[in-house]
Amino acid sequence: MSPNNYIYFGGYPGSAAYIRDEPRWRNYVNGSLIEPSIEKDILMMTRVDKPALLKQLFHLGCNYSGQILSYDKMLGQLQDAGNTTTLARYLEMLGNAGLIYGLQKYAGQQHRRRASSPKFNVLNNALMSAGSGYTKAEAKADRSYWGRLVESAVGAHLYNTGHPDCNLYYWRESSREVDFVIERGKKLTAIEVNTQTASGLAIQHTHKRRQVLRYNIHSTPTPYFQLLFVLTQDATPLSAYGSRLRQWMAKFHGVATRYLASYLGWYRMIDHLGQNVTPTLFFLMSLGKTRQFQQLITT
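One structure accompanies this document, and this report is about it.

1. As for the nonpolar core
In this structure, Phe58 and Met74 are the most contacted members of the largest nonpolar core, which totals 48 residues. In contact with Met74, not counting residues within four places along its chain, are Leu57, Leu60, Leu69, Leu87, Pro118 and Phe120.

Below, the structure written as structure tokens:
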């Protein structure tokens, strides 16, 4: 499955056979995945006083995946919504069932996290696409919606594959926002997801002396996605890596943007292995026969 197909159709194995027939795929996701998950995994296993409200909340969360929505606004959009405590409990149930998760805002004080407005994130993009009314072509044409799909795919991956010791949040302050914040103990890593058509690498400084490294994680003829890592604490390793990379790139007196990903793969291998690299290992990596690094020629 191509990255664009994964972003739109999600990663449910059973639905993969129907992606060439979008109406049939949509019916399968809605009828064979979503409804049984809600009915059997939640309603039959847990006491839910307002099952219709829970289903409304699920569909609302899918429509707003990748966006922050306060509980007060939810109350205004849902029928018989009750109170915010009920909505928070139902959202937790949906997360435990592997459907949709509400990220808390990262804050130093625990009570501020609990009081924050949740940011919806589907845990499989099929849940977002199946009820959107968009075909894949229409979704790609709407850059704002496609950007939310990409962000949701990254969020779902971080949540589904995260280490048990890690907590996932978002961060927002005025007009500044970071899509995801990963907390493990006292260490923080922030990730900003962007969809762009330009490629390249840039190292820049932002407010409060944070070090930022921007780099491509996939390159296709269509808009791909980048990860913007913000190291909010010890940025020394990143700064040192950037310095070594600039020194190594200087000898080429500039490189074509279309080949930049290959140069970065080449440098990652040299920086990690140093003098231990052999012609055989270099050849195998260039062909993608080892998964230790990104493939050097085709990225």
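This is not the end of the story, as more comes after the structure.
2. Some words on the pattern of salt bridges
Inspection of the entire model under this criterion finds nine salt bridges. A salt bridge links Lys55 to Glu39; its shortest N-O distance comes to 2.7 Å. Of this pair, Lys55 sits in helix α3 (residues 51-63) while Glu39 sits in helix α2 (residues 22-43), placing them 16 residues apart in sequence. For Glu173, the salt bridge goes to Arg176, with nearest N and O atoms at 2.8 Å. The class for Glu173 is partly exposed, based on a relative accessible area of 33%. Each of Lys119, Glu151, Glu177 and Asp179 takes part in one network of salt bridges that share partners.

3. Remarks on the packing of α2 against α3
In the contact formed by α2 and α3, the axes pass within 12 Å of each other and the chain directions differ by 135°. Accordingly, the angle class assigned to the pair α2 and α3 is oblique. In the crossing of α2 with α3, the sense of the turn from one axis to the other is right-handed. Side by side, α2 and α3 meet where Ile34, Glu35, Ile38, Glu39, Ile42 and Leu43 of the first sit next to Pro51, Leu54, Lys55 and Phe58 of the second. In terms of residue class, the contact of α2 with α3 is made up of seven nonpolar, no polar and three charged.

4. Concerning the pairing of strand β1 (residues 100-105)
Pairing of β1 with strand β2 (residues 119-122) involves four bridges; the strand directions are antiparallel. What sits directly across from Leu103, in β2, is Lys119. Looking at chain direction, β1 and strand β3 (residues 166-173) are connected through two bridges and run parallel. By the bridge assignment, Gln104 is partnered in β3 with Tyr169.

5. Some words on helix α5 (residues 84-96)
End to end, α5 covers 18 Å across 13 residues, agreeing with the expected 18 Å (1.5 Å per residue, within 8%). On its buried face, α5 is in contact with α2, α3, α4 (71-77), β1, β2 and α9 (143-161). Capping of α5 at its N-terminal end is provided by Asn83; its side-chain oxygen lies 3.1 Å from the backbone amide nitrogen of Thr85. Trailing α5 by a residue or two, Gly98 shows a phi angle of about 75°, which is positive.

6. Points about the environment of Ile270
Along the polypeptide, Ile270 turns up in helix α11 (residues 260-273). For the pair Ile270 and Phe282, spaced twelve residues apart in the sequence, the C-alpha separation amounts to 9.5 Å.

Rules behind the numbers
- Residues numbered from 1 in each chain as written.
- Predicted model: local features only at pLDDT ≥ 70, side-chain atom pairs only at ≥ 80, totals over all residues.
- Heavy atoms only, no water.
- Core = buried A, V, L, I, M, F, W, Y, C linked by side-chain atoms within 4.5 Å.
- Buried < 20%, exposed > 50% of the residue type's maximum accessible area, 1.4 Å probe, protein only.
- Contact = heavy atoms within 4.5 Å.
- Salt bridge = Lys/Arg side-chain N within 4 Å of Asp/Glu carboxyl O.
- Helix = DSSP H or I, 4+ residues; strand = E, 2+ residues; numbered from the N terminus.
- Axes fitted to C-alpha atoms, helices over the stretch in contact; angles between N-to-C directions.
- Parallel < 35°, antiparallel > 145°, perpendicular 65-115°, else oblique.
- Left-handed = near helix turned anticlockwise from the far one by under 90°.
- Nonpolar A, V, L, I, M, F, W, Y, C, P; charged D, E, K, R; others polar.
- Pairing = 2+ DSSP bridges.
- Expected span 1.5 Å × (residues − 1).
- Polar contact = N/O pair within 3.5 Å; in protein donor to acceptor, adjacent residues only side chain to side chain.

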